[in-house]
Amino acid sequence: MPDVCLTRDFPVTTDGLYDYITRPDRLAQWFGPEGTELAEHDMDFTRTGPWFAVLVGRESGNRFKVSGQVTHVRPKTSVGLTWAWHDDADRRGAESHVTLSVAAAAKGAKLTIDHRELADAEAVESHRKGWTSTLDNLSKRCS
């Protein structure tokens, strides 16, 4: 199946970046593509178990819900989770898997987002754009 793999460096420590991708209060500051707001969430990626997020388009008002299970937590290095968008009737769609990995970089820390098992080329392109925009949000917080 097609995949998305994106890497970006941040001028923070690996511990600091790991906190941004796992702690609920930090995730709420950047999670979601530009032009959306996090309206509701239960995101605690410091532990395994269920999670969800509801994003709302600032201009359109459209609501987008995504949910899954945190499948692994490797302190200070990576988090894995399942990912599925919900339709308007709140039914989960096709499930894929995301791994967020943190490593040391020359001038700080590096985040790699590996999103696998996407359904088709259209889903790959949509998720690539969404994750790229989401990384832009994180860059604003970590600079």
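The preceding data block contains the structure.
Only a predicted model underlies this, so the values are computations on that prediction, with no experimental measurement involved.

## Describing the packing of aromatic side chains
A complete count under the given rule lists seven aromatic pairs for this structure. Centre to centre, the rings of Phe45 and Trp51 are 5.5 Å apart; their planes meet at 85°, and the pair counts as edge-to-face. Accessibility expressed as a relative area gives 2% for Trp51, which makes it buried. Aromatic pair Trp83 and Trp85: ring centres 5.6 Å apart, planes at 85°, arrangement edge-to-face. Members of the aromatic cluster, joined through ring pairs, are Trp30, Phe31, Phe45, Trp51, Trp83, Trp85 and Trp131. Taking NZ or CZ as reference, Arg26 lies 4.4 Å from the ring centre of Tyr20, over its face. Positioned above the aromatic ring of Phe52, the side-chain terminus of Lys65 is 5.4 Å from the ring centre.

## Regarding helix α3 (residues 121–141)
Its 21 residues give α3 an end-to-end C-alpha distance of 30 Å, which sits within 8% of 30 Å, the value for a rise of 1.5 Å per residue. Within α3, burial applies to Ala123, Val124, His127, Gly130, Trp131, Ser133, Thr134, Leu135, Asn137 and Leu138. Looking at the buried side of α3, the elements it contacts are β1 (4–10), α1 (14–22), α2 (24–30), β5 (78–85), β6 (96–105) and β7 (108–116). Looking at where α3 begins, the residue whose side-chain oxygen comes 3.2 Å from the main-chain nitrogen of Glu122 is Asp120.

## Quick notes on the pattern of salt bridges
One pass over the full model with this rule turns up 13 salt bridges. The partner of Arg8 in a salt bridge is Asp136, and the shortest N-O contact between them spans 2.8 Å. You can see Arg8 sitting in strand β1 and its partner Asp136 sitting in helix α3, a full 128 residues away along the chain. One salt bridge connects Glu37 with Arg58, and the closest N-O pair in it is separated by 3.2 Å. Within this pair, whereas Glu37 is found in strand β2 (residues 36–42), its partner Arg58 is found in the loop between β3 (49–57) and β4 (63–74), the two being separated by 21 residues in sequence.

Conventions we followed
Residues numbered from 1 in each chain as written. Predicted model: local features only at pLDDT ≥ 70, side-chain atom pairs only at ≥ 80, totals over all residues. Heavy atoms only, no water. Phe/Tyr/Trp six-rings, centres within 6.5 Å; stacked < 30°, edge-to-face > 60°. Buried < 20%, exposed > 50% of the residue type's maximum accessible area, 1.4 Å probe, protein only. Lys NZ or Arg CZ within 6 Å of the ring centre and 35° of its normal. Helix = DSSP H or I, 4+ residues; strand = E, 2+ residues; numbered from the N terminus. Expected span 1.5 Å × (residues − 1). Contact = heavy atoms within 4.5 Å. Polar contact = N/O pair within 3.5 Å; in protein donor to acceptor, adjacent residues only side chain to side chain. Salt bridge = Lys/Arg side-chain N within 4 Å of Asp/Glu carboxyl O.

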